[in-house]
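As a plain string of letters, each chain reads:
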Amino acid sequence: MERAVLLRSLSPSSSSSALASTRLFSRSAHRLARLTKRHRTVPNFHQRSFLRRHLGLISTASRPSLQLKKHFSSLSVRAVATSPASEVLGADDDVSEKLGFEKVSEEFIEECKSRAVLYKHKKTGAEIMSVSNEDENKVFGIVFRTPPKDSTGIPHILEHSVLCGSRKYPLKEPFVELLKGSLHTFLNAFTYPDRTCYPVASTNMKDFYNLVDVYLDAVFFPKCVDDIKTFQQEGWHYELNDPSEDITYKGVVFNEMKGVYSQPDSILGRTTQQALFPDNTYGVDSGGDPQVIPKLTFEEFKEFHRKYYHPSNARIWFYGDDDPNERLRILSEYLDMFEANSAPEESRVNFQKLFSEPVRIVEKYPASEGVDLKKKHMVCLNWLLSETPLDLETELALGFLDHLMMGTPASPLRKILLESGLGDAIVGGGVEDELLQPQFSIGLKGVSEDDIQKVEELVMSTLNKLAAEGFDSDAVEASMNTIEFSLRENNTGSFPRGLALMLRSMGKWIYDMDPFEPLKYQEPLKALKARIAKEGSKAIFAPLIEKFILRNPHRVTIEMQPDPEMASRDEATEKENLEKVKGSMTQEDLAELARATHELKLKQETPDPPEALKCVPSLSLQDIPKKPIQIPTEVGDINGIKVLQHDLFTNDVLYAEVVFNMSSLKQELLPLVPLFCQSLLEMGTKDLDFVQLNQLIGRKTGGISVYPFTSSIRGKDNPCSHIIVRGKAMSERADDLFNLVNRVLQDVQLTDQKRFKQFVSQSKARMENRLRGSGHGIAAARMDAKLNIAGWVSEQMGGVSYLEFLQALEKKVDEDWTGISSSLEEIRKALISKNDCLINLTADGKNLKNSEKHVSKFLDLLPKTSPVGSSAWSARLPPTNEAIVVPTQVNYVGKAANLFETGYQLKGSAYVISKHLNNSWLWDRVRVSGGAYGGFCDFDTHSGVFSYLSYRDPNLLKTLDVYDGTSNFLRELEMDDDALTKAIIGTIGDVDSYQLPDAKGYSSLMRYLLGVTEEERQMRREEILSTRLDDFKEFADVVEAVKDKGVVVAVASPDDVDAANKLRPDFFEVKKAL
Ligand SMILES: [Zn+2]
């Protein structure tokens, strides 16, 4: 229910990012924040839809101190926590035989307490992994090998298109109908460089099978191969509204990729992949190069589907507590309709042969004009590690090595590079093993042109030194504990465990290797541990560095140079091409194109007939529980301090949050808070330097993070503003956990000028990256800052204001370090205190009880300061319309107003209405016909701020017109009972989203802080369930306020902003941020 708040605050809840793969394109973007990686934004990562603002973007939270790499997190999948399920059985043999399947092999996998059976469909050769256990979060996925031959983006456009209507589900977008009205815990599609993956998940059996059927019908029998309009809409087409106007390119993938090609980190990722693999399919871009996409024809598109979306080329995954016989029954219906084809041969990915000598590549990226570009270069060293796939033990050892070298701020390779002062932040994600051959990448961004060579030398000399000297034994122990902890905890965040497992298995299976092997890590890990104990870590890791990196000639060094003319040059080239196209057309051609444009628009804007919508299976309101999900919460106190306890099964892990009130902090200190939090974790104490402190945390705990949290509280003027310290450890180490939290809070010396300077550079680099890649988050934060105090506070710590603060601070660190250092100390004094402190604990009853004495000791050690009243934070940014100009080819457009200020009282129906707007009006107009990658609204039910946002949008003013049309859309809305029921069920699906135990405990804490009671939750649920069409009509008058009084913020290209200000003089105040 308090999704907006969770969205703002949940980012550090899980260290694992199971989908941390590179160069992955996915269908919908609502979980993007979780999918990004430790060191860099994932290059070339796209998704089919962008539904809502997600956190991370504007959240001021800093990253967890110990983030694990996918190598370990994604293999750490345990099916069920509650009880071992050794009796779970596979399908009956006679049933599978009768249905046309041959059992290839069967195993009980201890690591995930699952029975897994590999089948082959006899007629077509389709392969199926049927994994049975007691996990209620069921997962299905179908994966095809789809290696592209060029950069036209066929696999990516097809991934978008097949979910736009199929034989049994002939609607415009069944995908959207599922988003609207199902209880899915996961629904998306991804394009990799060599495969396309369609996963769904749900805890509701009926819902699960509905999702499976829609997906199977979509991939095998899509309408898009018969109707060119889908290809035009999702891929590309010429748009001409009137023969007198200019022709433009439109298409969802086209604009999505333009956004990707505007981001320096993405350009680096793509250049790296293409340079490492010049001879196989990885040498082209499966996502599509905007300059090449318009070369793609509908014929090629259809042929690609015919060839590769075929059972012979499919790998299918089922996972969970459903009936294994039923799985095969569903599949046989589809698979039996096909004969075997030759796709498995044609889709095989060839190995890249290793180079005999290193290669060097210089690439440009678009930068702003008129800013200092001296320290804006990037350099990254990359190795292709092997000509053949590695065995699991070597892969595991390499993953371990990667964690040792780069896994934490204290890891030597990362630390030495950052401490060198040669650059602002790390690029390159270390070891990547998701493609056919593994690679290793490391480098720096924010480098001066003169220092490029120094960075290269430093990387090589550090690797040489590590090979020669080995690793500190404390560091090895810390990495081992971190990895083992993560395996044990198996925290996949909001990502279904079964999906993490599937992606892990697919990493080998897709290349015709054993799908079981990647799931079984215990033995190889034990063997590795034993070898380290016996031979010492140096004997294990030094040869790996030598062989795979130092003596490996397949090295590609990439230098990225800022080019202030690139964006306008690309735009000019595109314009020129389009003018040529227009010039070659006759008057008749132009009239025809205008007619076709109009026809496509008409089709896009015509709603599906109600009969068609009925064919998408949906649940009924009877299937929906009437009561909200209860989280056991006991509010008590220890030594007079409030303690919340959640008795939940956590497999002996203790999760703890310590919350301090921030509201007495002086206003001018707010922007320093994120850096203060980072300093606590990354500076040393009197007797431990920061490396030792980090290793200690790694050896004894599962990680500690510190970050600020701010939100409005409904009905109150002052926001809720806190610092949250999160930590986790095995319960038997609760003592160590609280002891370390105490040392972090009280003993760390906030005096390390050199490290602080690095934090500033890193934060600045991160903010600059966000501004280009997540401009909608920046725009949203900016609007919030104009509309309420909590928003203003957050923007000070994570928006454009924060970026400006960092730019100024970078100089100040040299001039007035004493002043800054004492400000940090002042923040500590104001915050770390027994007054208004709160503890939140999640574990099972026995472990909760055991932790109490450690909590008590911890609290005793906290200083008691005299209570101070809240500071009078009264600032807001002026309510002017702003355009934040960045070198980009696509825009992010926002408009917002505070609905509570107009007298609106929150009702549960608002959740249903916002969701419906996202999936209908905004989806159709901003995305489908507008050509943006995403358009959505967000209602912060605590502050009352209602905002519209678009993502990678080719338009600017036009999008604002769509927003302003929302009231009319609602007034004229017609909706039958089925559609309304769907909207209600979909909303309940969001409210009841699946959570692992730590997330449950955390949600309960958030509710406590924000004053959301169980009574209110029950009331909102009843309001949601009883939403009527009249509520939509009433809400029309409410959102009218956004049209009339709303404030506009856009993150946009300079040309588009100029054009907008010409059309509507002085509409935007222009601000240059990069
Ligand atoms: Zn996409």
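Treat the numbers as computed from the prediction; the structure is a model and nothing was measured. (Residues numbered from 1 in each chain as written. Predicted model: local features only at pLDDT ≥ 70, side-chain atom pairs only at ≥ 80, totals over all residues. Heavy atoms only, no water.)

Caption draft 1: Quick look at the overall build of the chain. A tally of regular secondary structure across the chain gives 40 helices and 29 strands. At 28 Å, the chain has a C-alpha radius of gyration in line with the 31 Å of a compact globule built from 1074 residues. Taking the principal axes of the C-alpha coordinates as reference, the chain spans close to 80 × 65 × 65 Å. For the chain, the proportion of its 1074 residues judged to be buried stands at 69%. Put simply, 82% of the contacts in the chain that link residues at least 6 apart link residues at least 24 apart. A total accessible area of about 36000 Å² is found for the chain, and carbon and sulfur atoms account for 50% of it. (Helix = DSSP H or I, 4+ residues; strand = E, 2+ residues; numbered from the N terminus. Rg over C-alpha atoms; globule rule 2.2 N^0.38 Å. Buried < 20%, exposed > 50% of the residue type's maximum accessible area, 1.4 Å probe, protein only. Contact = heavy atoms within 4.5 Å. Areas by Shrake-Rupley, 256 points an atom, 1.4 Å probe, with all protein chains shown as cover.)

Caption draft 2: Expanded view of the layout of surface pockets. Volume-wise, the second largest pocket comes out at about 1100 Å³. Lining the second largest pocket are 33 residues, and of these Thr 248, Pro 954, Asn 955, Lys 958 and Asp 1056 lie nearest its centre. Among the secondary structure elements, those contributing two or more residues to the lining of the second largest pocket are strand E11 (248–250), helix H9 (252–260), helix H21 (566–583), helix H34 (957–964) and helix H40 (1054–1063). Per-element tally for the lining of the second largest pocket: the top contributor is H21, with eight residues. A per-class count over the lining of the second largest pocket returns 12 nonpolar, seven polar and 14 charged. (1 Å grid on protein atoms, 1.4 Å probe; cavity = no way out; pocket = protein on both sides within 12 Å on 5 of 7 lines; lining within 4 Å. Points joined across faces, edges and corners; volume = space filled by probe spheres on them. Nonpolar A, V, L, I, M, F, W, Y, C, P; charged D, E, K, R; others polar.)

Caption draft 3: Region of interest: the coordination of the zinc ion. Protein ligation of the zinc ion involves His 156 (NE2), His 160 (NE2), Glu 256 (OE) and Glu 256 (OE), the donor distances falling in the range 2.1 to 2.6 Å. Here the zinc ion is ringed by four donor atoms whose angles at the metal span 54 to 150°, and the overall shape comes out irregular. Read in sequence order, the donor residues for the zinc ion give the motif H-x3-H-x95-E. Of this pair, His 156 sits in helix H5 (residues 154–161) while Glu 256 sits in helix H9, placing them 100 residues apart in sequence. Residue classification places His 156 among the buried positions, given a relative accessible area of 0%. (Donors = N, O, S within 2.8 Å, 3.2 Å for Na, K, Ca; no water. Tetrahedral: all angles 85-135°; square planar, octahedral: opposite > 155°, others 65-115°.)

Caption draft 4: The arrangement of the packing of aromatic side chains in detail. For the structure on display, the rule yields 41 aromatic pairs. Look at Trp 383 and Phe 440: their rings are 5.9 Å apart centre to centre, the planes differ by 40°, and that puts the pair in the tilted class. Of the two residues, Trp 383 sits in strand E14 (residues 377–384) while Phe 440 sits in strand E16 (residues 439–447), which places them 57 residues apart along the sequence. When its relative accessible area of 0% is taken as the criterion, Trp 383 is described as buried. One aromatic cluster is present, formed by Phe 144, Tyr 198, Tyr 215, Phe 220, Phe 221, Tyr 309, Tyr 334 and Phe 338 through successive ring pairs. The ring of Phe 221 has Arg 167 sitting right over it, with the charged end atom 4.2 Å from the ring centre. (Phe/Tyr/Trp six-rings, centres within 6.5 Å; stacked < 30°, edge-to-face > 60°. Lys NZ or Arg CZ within 6 Å of the ring centre and 35° of its normal.)

Caption draft 5: Highlighting the environment of Thr 842. Inspection of the secondary structure puts Thr 842 in strand E23 (residues 838–843). As a C-alpha pair, Thr 842 and Leu 644 span 198 residues in sequence and 8.5 Å in three-dimensional space. Not counting residues up to four positions away in its chain, the partners in contact with Thr 842 are His 646, Leu 648, Thr 650, Val 653, Leu 654, Tyr 655, Leu 848, Pro 997 and Gly 1001.

Caption draft 6: How the structure looks around the sheet that holds E16. One open sheet accounts for five strands, arranged E13-E17-E14-E16-E15; its pairing is mixed. The open sheet terminates on both sides in strands that have one partner only, identified here as strand E13 (359–366) and strand E15 (425–432). Averaged over neighbouring strand pairs, the angle between their axes works out to 15° when direction is ignored. Across the sheet, helix H14 (residues 392–406) lies against E15 and E16, angled at about 165° from E15, the strand it touches most. Where H21 meets the sheet, it contacts E13 and strand E17 (555–563), and its direction lies at approximately 80° from that of E13. (Pairing = 2+ DSSP bridges. Axes fitted to C-alpha atoms, helices over the stretch in contact; angles between N-to-C directions.)

Caption draft 7: Quick look at helix H10 (residues 264–276). Helix length check: H10 (13 residues) gives 18 Å between terminal C-alpha atoms against 18 Å at 1.5 Å per residue, within 8%. For H10, the tally of buried residues reaches 12 of 13 residues, placing the bulk of the element in the interior. Along H10, the positions that sit buried rather than exposed are Pro 264, Asp 265, Ser 266, Ile 267, Leu 268, Gly 269, Arg 270, Thr 271, Thr 272, Gln 273, Ala 275 and Leu 276. (Expected span 1.5 Å × (residues − 1).)

Caption draft 8: Region of interest: the pairing of E14. Within E14, eight of the eight residues are buried, leaving the element largely enclosed by the surrounding structure. Here E14 shows two buried faces, one formed by His 377, Val 379, Leu 381 and Trp 383 and the other by Met 378, Cys 380, Asn 382 and Leu 384. By the bridge criterion, eight bridges tie E14 to E16 in an arrangement that is antiparallel. Bridge assignment links Val 379 to a residue of E16, and that residue is Leu 444.

Caption draft 9: View of the packing of H14 against helix H17 (residues 473–489). Closest axis-to-axis distance for the H14/H17 pair is 10 Å, and the angle between their directions is 120°. The pairing of H14 with H17 is recorded here as oblique in orientation. In this structure, the crossing between H14 and H17 has a hand that is right-handed. Between H14 and H17, the contacting residues are Phe 400, His 403 and Leu 404 on the first element and Ala 475, Val 476, Ser 479, Met 480, Thr 482 and Ile 483 on the second. A per-class count over the contact of H14 with H17 returns six nonpolar, three polar and no charged. (Parallel < 35°, antiparallel > 145°, perpendicular 65-115°, else oblique. Left-handed = near helix turned anticlockwise from the far one by under 90°.)

Caption draft 10: Expanded view of helix H28 (residues 775–787). Its 13 residues place the ends of H28 18 Å apart at the C-alpha level, agreeing with the 18 Å of an ideal helix rising 1.5 Å per residue. Within H28, 13 of the 13 residues are buried, which leaves the element mostly enclosed by the surrounding structure.

Caption draft 11: Just the UniProt feature "domain: Peptidase M16C associated" (unreviewed entry) in the chain, in detail. The feature "domain: Peptidase M16C associated" (unreviewed entry), as annotated in UniProt, sits at residues 560–809 in this numbering. With 52% helix and 18% strand, residues 560–809 has its two end C-alpha atoms placed 26 Å apart. (UniProt positions renumbered as here; feature names shortened; annotations may be inferred.)

Caption draft 12: Main features of empty space enclosed by the protein. For the structure shown, the criterion picks out 16 cavities of 30 Å³ or more. As a volume, the largest cavity reaches approximately 260 Å³. Pro 264, Tyr 365, Lys 376, Glu 768 and Arg 772 are the residues nearest the centre of the largest cavity, which is lined by 20 residues in total. Among the elements of the structure, H10, E14, E16 and helix H27 (753–773) are those that each provide at least two residues to the lining of the largest cavity. Take the lining of the largest cavity: its biggest share by element is four residues, from H27.

Caption draft 13: The arrangement of unusual backbone geometry in detail. Positive phi values are uncommon outside glycine, yet Asn 639 reaches one of about 50°. Position of Asn 639 among the secondary structure elements: in the loop between strand E18 (634–638) and strand E19 (641–647). Taking relative accessible area as the criterion, Asn 639 reaches 42% and is therefore assigned partly exposed. Positive phi values are uncommon outside glycine, yet Asn 651 reaches one of about 60°. Structurally, Asn 651 can be placed in the loop between E19 and strand E20 (653–661). Overall, the relative accessible area of 15% leaves Asn 651 in the buried class.

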